[in-house]
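Residue-level structure breakdown
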Amino acid sequence: MLETLTLYFQYPFVRYALIVGVLIALCSSLLGVTLVLKRFSFIGDGLSHVAFGAMAIASVLKLTNVNLLILPITVVAAILLLRTGQNTKIKGDAAIAMISVGALAFGYLIMNLFSTSSNLSGDVCSTLFGSTSILTLTETEVWLCFVLSGIVVVVFALFYNKIFAVTFDENFAKAAGTKADRYNLLIAVVIAVIIVLAMNLVGSLLISALVIFPALSAMRVFRSFKKVTICSGILAVVCSFVGIIISILAGTPVGSTIVAVQVAMFLVFCGVGSAVRRM
């Protein structure tokens, strides 16, 4: 197995896939803790379906760089979702469900009406559950992912205290002078960027798992926000790396394999957390 891995690591596409997978997993886990604690976990699911609809439009228009269309549409959707969930009669969970189902249906309808592909079912399945596109990344795409991931990590580090404040007690944060709405908006935009980055890795239907599972696993053992965030980041990186390696060796779908590893790790941490509490 070591000889096989050594052989695979000689190929640039394998190294690119590992780098992008680790970066996306790290970014997802950092904001995942905040989303879980704010009871807004499924915002990733809603935005991923919006990204699916945007990708359908980009495919029909035959754009060479689909991210030029997907990224702004997803960011705008994140802003609208935040405003709709907070300031109208359509509250958070209903707004997410409405946007999620609507975008998914709209995207599939567009692909059926205007797509010229001879394998429409295969294209839809690959977009929803991830595909081998993670193994066909170019150096430019890797650098783009590196830059965007770096921005996400820097933003999280710079505004860590503010994000912590609006996560645990938004009303107190507002009373203390923190512009909570502004930082909620920042979180939504960053999540939108992560969603777009993660689509090639796990597909639009599995992105929520990438965001939620590391945070939930870390919470089984740790209680402080800082420890949960650090543990979540480490878990996400390890699971992504192991999942991609297993996928390459076994020939299984990349996204599904990564999520399966995360589920297994969650069960392990549940057992560890129960043992620690009994001790």
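Everything that follows concerns the structure shown earlier in this document.
Here is what the cut-offs are and how they apply
- Per chain, residue numbering runs from 1 following the sequence as it is written.
- Side-chain atom pairs in this predicted model are given and counted only at pLDDT of 80 or more, local residue features only at pLDDT of at least 70, and totals for whole chains, interfaces and linings cover all residues.
- Values reported for side chains reflect all heavy atoms of the structure, with hydrogen atoms and water molecules removed beforehand.
- Each patch is built from residues lacking any salt bridge and having more than 30% relative accessible area; the joining distance is 9 Å for like charges and 5 Å for nonpolar side chains (Val, Leu, Ile, Met, Phe, Trp, Tyr).
- Using the Shrake-Rupley algorithm and a 1.4 Å probe, accessible areas are obtained, with residue cover drawn only from the displayed protein chains.
- By salt bridge we mean one thing: a side-chain nitrogen of Lys or Arg within 4 Å of a carboxyl oxygen of Asp or Glu.
- Only four residue types enter the charge count, namely Lys and Arg as positive and Asp and Glu as negative; His and the chain termini do not.
- Lysine's charge is taken at NZ, arginine's at CZ, aspartate's at CG and glutamate's at CD.
- Comment: elements are numbered from the N terminus, with helices defined as DSSP H or I runs of at least four residues and strands as E runs of at least two.
- Exposure is judged per residue with a 1.4 Å probe applied to protein chains only, and the accessible area is read against the type maximum: over 50% gives exposed, under 20% gives buried, and values in between give partly exposed.
- Only the stretch in contact is used when fitting a helix axis, every axis being a line fitted to C-alpha atoms; angles between N-to-C directions are given from 0 to 180 degrees.
- When the near helix sits turned anticlockwise from the far one by under a right angle, the crossing is termed left-handed; a clockwise turn instead gives a right-handed crossing.
- Contacts between residues were defined by any pair of non-hydrogen atoms, one from each residue, lying within 4.5 Å.
- Note on residue categories: nonpolar means Ala, Val, Leu, Ile, Met, Phe, Trp, Tyr, Cys or Pro, charged means Asp, Glu, Lys or Arg, and polar means any other residue, Gly included.
- Aromatic rings from Phe, Tyr and Trp, taking only the six-membered ring of Trp, are treated as a pair when their centres fall within 6.5 Å; an angle between ring planes under 30 degrees marks them as stacked, one over 60 as edge-to-face, and anything in between as tilted.
- Note on angle classes: values under 35 degrees are labelled roughly parallel, values over 145 roughly antiparallel, values of 65 to 115 roughly perpendicular, and the remainder oblique.
- In this description, a disulfide is simply a cysteine sulfur pair whose atoms lie within 2.5 Å.
- Only buried Ala, Val, Leu, Ile, Met, Phe, Trp, Tyr and Cys residues count toward a nonpolar core, and they belong to the same one when joined by side-chain atoms within 4.5 Å.

Attention now goes to a positive patch on the surface. A contiguous patch of positive charge, built from Arg220, Arg223, Arg277 and Arg278, is present on the exposed surface. Here Arg223 shows up in the loop between α11 (207-219) and α12 (225-250). In this structure Arg223 comes out as exposed when scored by relative accessible area, which is 60%.

With that settled, the discussion passes to the packing of helix α2 (residues 12-37) against α12. In contact at an axis separation of 8 Å, α2 and α12 are set at 145° when each is read in the N-to-C sense. The chirality of how α2 crosses α12 is right-handed. On α12, the residues that touch Val14, Ala17, Leu18, Gly21, Val22, Ala25, Leu26, Ser29, Leu30, Val33, Thr34 and Leu37 of α2 are Phe225, Val228, Thr229, Ser232, Gly233, Ala236, Val237, Ser240, Phe241, Ile244, Ile245 and Ile248. Its residues assigned to classes, the contact of α2 with α12 shows 17 nonpolar, seven polar and no charged.

Per the counting criterion, the structure on display carries six aromatic pairs. Centroid distance Phe156 to Tyr160: 6.0 Å. Interplanar angle 75°. Geometry classified as edge-to-face. For Tyr160, a relative accessible area of 23% translates into the label partly exposed. When the centroid spacing of 5.2 Å and the interplanar angle of 70° are considered together, the rings of Phe164 and Phe225 count as edge-to-face. Of this pair, Phe164 sits in helix α8 (residues 160-168) while Phe225 is found in helix α12, placing the two residues 61 residues apart along the sequence. When its relative accessible area of 35% is taken as the criterion, Phe164 is described as partly exposed. Of the residues examined, Phe225 reaches a relative accessible area of 4% and is grouped as buried.

Direction vectors running N to C along α2 and α11 enclose 65°, while the axes themselves pass 7 Å from each other. What the angle tells us is that α2 and α11 run roughly perpendicular. In this structure, α2 meets α11 at a crossing whose hand is right-handed. Counting all contacts with α2, which are made through Ile24, Ser28, Ser29, Gly32, Val33, Leu35, Val36 and Leu37, the residues of α11 involved are Leu210, Val211, Ile212, Pro214, Ala215, Leu216 and Met219. Of the residues contributing to the contact of α2 with α11, the split by class is 12 nonpolar, three polar and no charged.

Within the structure shown, the criterion is met by zero disulfides. As a non-bridged cysteine, Cys231 has Cys239 as the owner of its nearest cysteine sulfur, 9.9 Å distant.

Further remarks concern a nonpolar patch on the surface. A surface patch of nonpolar side chains, amounting to about 560 Å² of accessible area, comprises Phe9, Ile230, Ile234, Val238, Phe241, Val242 and Ile246. Tracing the backbone through its elements, the reader meets Val242 in helix α12. Take Val242: its relative accessible area is 33%, and that puts it in the partly exposed class.

Another aspect to go through is the nonpolar core. Core analysis: the biggest nonpolar cluster contains 54 residues, and Leu31, Leu47 and Ile191 have the highest contact counts within it. Ranked by residues supplied to this core, first place goes to helix α10 (residues 180-202) with 14 residues. The residues touching Leu47, leaving out its near neighbours within four places in the chain, are Thr74, Ala77, Ala78, Ala188, Ile191, Ala192 and Ile195. With 11 residues, the next largest nonpolar core counts Ile212, Ala215, Ala218 and Cys231 among its residues.

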